[in-house]
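Per-entry structural report
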Amino acid sequence: MRYLLRRLALFVVALLVISLVVFLALRVLPGDIATIMAGLNASPERVAALRDQLGLDRPLSEQYGSWIAGLLHGDLGTTMLTGQSVAAVVATRARITFPLIILGLLVALAIGIPLGCAAVLARKARTRAFFQVLAVIGGAVPALWGGLLLILLFAKGSGILPILPATGFPRTGWHTPGQALLALVLPALTVGIIVGASIMRYTRSALQSVASTGTIEMAMACGMTRTDAVLRVGLRLAMPQLVSVVGLTFAEMVTGVMVIENLFALPGIGSGLVDDLGHRDLVAVQGELFLLAAFFLVIGLLVDLTHRALDPRLGANDD
Amino acid sequence: MAVVTDRLGIAIAGRQIVKDVHLEIHDGQRVGLIGSSGSGKSMIARAMMGLLPPGTDVSGTIDLNGEQVVGMRDADLAALRGAAVGMVFQNPGISLNPLLTVGQQIALPLRLHYALSREELGQRVRAMMTRAGLPEELIDRRPHQLSGGQQQRVGIACALVASPRLIIADEPTTALDSLTQRQIVDLLVSLVDEAGASMLFITHDFSVLAHATQYCYVLDAGRIVEHGATAALLESPASETGERLVMAAQQLTLHRGKGDDDGRA
Ligand SMILES: Nc1ncnc2c1ncn2[C@@H]1O[C@H](COP(=O)(O)OP(=O)(O)OP(=O)(O)O)[C@@H](O)[C@H]1O
Ligand SMILES: [Mg+2]
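Residues numbered from 1 in each chain as written. Chains lettered and ligands numbered in written order. Predicted model: local features only at pLDDT ≥ 70, side-chain atom pairs only at ≥ 80, totals over all residues. Heavy atoms only, no water.

Some thoughts on the state of the cysteines
Evaluated as defined, the whole model comprises zero disulfides over all chains. Free of any disulfide, C222 of chain A has its nearest neighbouring cysteine sulfur in C158 of chain B, separated by 5.0 Å. (Disulfide = S-S within 2.5 Å.)

Here it is as structure tokens:
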């Protein structure tokens, strides 16, 4: 319980620090924000109006205070271009990005964990070497390159085996779930394979470090086959490590998704962020960066709590 | 159970670690295996259990009561492990499963080999705990909540619970203090004799060896250089390695004896 409170306090502090960093980063940019946002050909009146609208004349602490107050109410400001609320825009984009992240993660786990186990269970040195090469290649491929390869192989219109769409998201969105899901298959495979290679490597080394403690050997001595002992005892013992690994690969996952959204013309958070930067919509960018960072912090929090719940050795003595 | 290994050779990654080992354990006999560190003792013990790491080459024969262990499929070996052959490990602190309670650890060999009812399982586990000198209130503890001696008692209980006919103990007391060492060896010897099982006992400690075994093999760089009744062998070792080991052990015992006296004074 004390751990939980401590960890939550840490989360809140980290969130505050992040908000401060995001806020200040956009304020200490060289030049006047209003001028940057209004663009090169804007009239002085337009710049003045913008400055007034953004409250840029007020002291920094006051601006930060009102931004935070807005955040607490779920108000991230309005976009410059359309005047929509940033929160609503982000929510729309998240409907593509989150399913993509989840699908990618599922692909990565479905590839990485079985291959990692197989790499440990392989009897022949040659088989083990093969898995090693597989992991190295998978881990070295950049998302952009992997995505292009999959497009060349499977995309409708351009692929050798044209079975999957590779451009954009159906206008009807999730009202046509089949089409929506289909549009995400190639992008999810791309990130999934790349992150899967990392998960495979981590699974392999986590299992090996468990095996080196002798617990797997002991389970075998009690009557399990090696395969049984690795899959039933080893995997369970490696679970806390694997949860941490999934947390670690999340950063890789999200960066991959950002690139992939642009490549596959999916209007998600990643491609949206690039658009907003292009339009110099700093209010939106500020909100989006903060949400992205907060998302990572939440994942970190969940990973730590799960990790702890899975390992009875932790927490037994200090709670 | 009678064990005979003949022309046993073990090689890892092309390096021959054990060569031409002939070793016999008669029914109900307690046999010691000594030798300097790295001479291949653990490899021989693991070979008997089919516990060698993947990629190890084993040649020759290991005969367990008429069954040929070398080349046996892992599934068949698994059927022997825990049921016909039990193993006590050197360091229970890291080999016991940290997630299982004492009761679950001890129940594991029974669950893997026999279809017992819940009550029967519980009864057998509690009976084994009593025999191993584990108070019943420890049944729901996990390994990290036990002392080193208690952990090794759990290890012994796991090895013996399914009544195997052969116990292999690979330096089972090295991780313990000298007083606990003595208790654990006494426990192991009395449980093995009570069950009428045979035992292969690997150790560096010659006082333990004299106490726990009747017969003894000396291994040097993967070869057996000497064997004989334990008492006679310790009295007058014939081989150079045997002599060296006995000398070193005597010095160690003297030093440790002195240290213990100082501690008590
Ligand atoms: N997994 C392995 N891969 C390669 N060589 C190994 C491996 N395990 C052990 N060896 C080597 O095999 C030899 C014998 O090891 P073994 O563990 O049987 O020695 P031991 O007699 O039990 O020593 P100790 O008294 O220190 O336990 C050593 O030289 C060791 O380096
Ligand atoms: Mg050893």
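Focus on the pairing of strand β4 (residues 56–64) of chain B
Two faces, one strand: in a regular strand the side chains alternate between the faces of the sheet. Residues and elements named next belong to chain B. Pairing of strand β1 (residues 3–12) with β4, which is carried by eight bridges, proceeds in the antiparallel orientation. Residue pairing across strands places I10 opposite V58, the latter belonging to β4. Here β4 runs beside strand β5 (residues 67–68); their pairing, made up of two bridges, is antiparallel. Within β5, the position partnered with D63 by the bridge is Q68. Here β4 hands over to β5 after two residues, with N65 in that stretch at a positive phi of 50 degrees. (Pairing = 2+ DSSP bridges. Helix = DSSP H or I, 4+ residues; strand = E, 2+ residues; numbered from the N terminus.)

A short note on the interface of chain B and chain A
Residue-level contacts link 29 residues of chain B with 24 residues of chain A. When chain B packs against chain A, the two sides together hide about 2,200 Å² of surface, and 64% of this comes from carbon and sulfur. For the interface between chain B and chain A, the tally reads one salt bridge. Notably, a salt bridge pairs E217 of chain A with R46 of chain B, separated by 2.7 Å at the nearest N-O pair. At the boundary of chain B and chain A, one finds eight residue pairs in polar contact (both at pLDDT 80 or more). Those elements that place two or more of their residues in the side of chain B that touches chain A are α1 (41–49), α2 (74–80), β6 (85–88), α3 (92–95) and α4 (102–113) of chain B. By residue class, the composition of the side of chain B that touches chain A is 18 nonpolar, seven polar and four charged. (Contact = heavy atoms within 4.5 Å. Buried area = accessible area lost by both parts, 1.4 Å probe. Salt bridge = Lys/Arg side-chain N within 4 Å of Asp/Glu carboxyl O. Polar contact = N/O pair within 3.5 Å; in protein donor to acceptor, adjacent residues only side chain to side chain. Nonpolar A, V, L, I, M, F, W, Y, C, P; charged D, E, K, R; others polar.)

A closer look at the nonpolar core
Within the largest apolar cluster, 95 residues are counted, with the highest numbers of intra-cluster contacts made by L64, I106 and I168 of chain B. The contact partners of I106 of chain B, leaving out residues within four places of it in the chain, are V125, M128, M129, L134, V154, A157, C158 and V161 of chain B. Formed by 58 residues, the second largest nonpolar core is a distinct cluster that contains I101, A155, A188 and A284 of chain A. (Core = buried A, V, L, I, M, F, W, Y, C linked by side-chain atoms within 4.5 Å. Buried < 20%, exposed > 50% of the residue type's maximum accessible area, 1.4 Å probe, protein only.)

Here we look at a nonpolar patch on the surface
On the surface, a cluster of nonpolar side chains totalling about 600 Å² of accessible area is made up of W145, L149, L153, I160, L161 and I163 of chain A. Of note, I163 of chain A is situated in the loop between α7 (143–154) and α8 (177–211). (Patch = residues over 30% accessible without salt bridge, like charges linked within 9 Å, V, L, I, M, F, W, Y side chains within 5 Å. Areas by Shrake-Rupley, 256 points an atom, 1.4 Å probe, with all protein chains shown as cover.)

Some words on the UniProt feature "domain: ABC transmembrane type-1" (unreviewed entry) in chain A
UniProt feature "domain: ABC transmembrane type-1" (unreviewed entry): in the numbering of this structure it lies at residues 94–307 of chain A. Measuring from the first to the last C-alpha atom of residues 94–307 of chain A gives 27 Å, for a span that is 81% helix and 0% strand. (UniProt positions renumbered as here; feature names shortened; annotations may be inferred.)

Considering the UniProt feature "transmembrane region" (unreviewed entry) in chain A
Residues and elements named next belong to chain A. Feature annotation in UniProt assigns "transmembrane region" (unreviewed entry) to the following positions: residues 96–121, 133–155, 180–199, 242–264 and 284–303. Along residues 133–155, the helical share is 87% and the strand share 0%, with 27 Å between the first and last C-alpha atoms. Between the end C-alpha atoms of residues 242–264 the distance is 30 Å, and the span holds 96% helix and 0% strand.

Brief notes about unusual backbone geometry
Residues and elements named next belong to chain B. Of note, A13 is a non-glycine position whose phi angle comes to about 50 degrees, a positive value. Relative to the helices and strands, A13 resides in the loop between β1 and β2 (15–25). Even without being a glycine, N65 presents a positive backbone phi close to 50 degrees. When you line up the elements, N65 lands in the loop between β4 and β5. Given a relative accessible area of 52%, N65 falls into the exposed group.

A word on the site of ligand 1
Residues and elements named next belong to chain B. Surrounding ligand 1, one finds 13 residues, the nearest of these being S37, G38, K41, S42 and H204. In this structure, S37 approaches ligand 1 through a side-chain N or O atom, which is 2.5 Å from an oxygen atom. A distance of 3.0 Å separates an oxygen atom of ligand 1 from a polar backbone atom of G40. When ligand 1 sits alone it has 640 Å² of accessible area, and the protein chains cover 63% of it. The set of elements that each furnish at least two residues to the shell around ligand 1 consists of β2 and α1. (Near = heavy atom within 4 Å.)

Quick notes on the UniProt feature "domain: ABC transporter" (unreviewed entry) in chain B
According to UniProt, the "domain: ABC transporter" (unreviewed entry) feature falls on residues 3–246 of chain B. Across residues 3–246 of chain B, the secondary structure splits into 40% helix and 27% strand, with the terminal C-alpha atoms separated by 26 Å.

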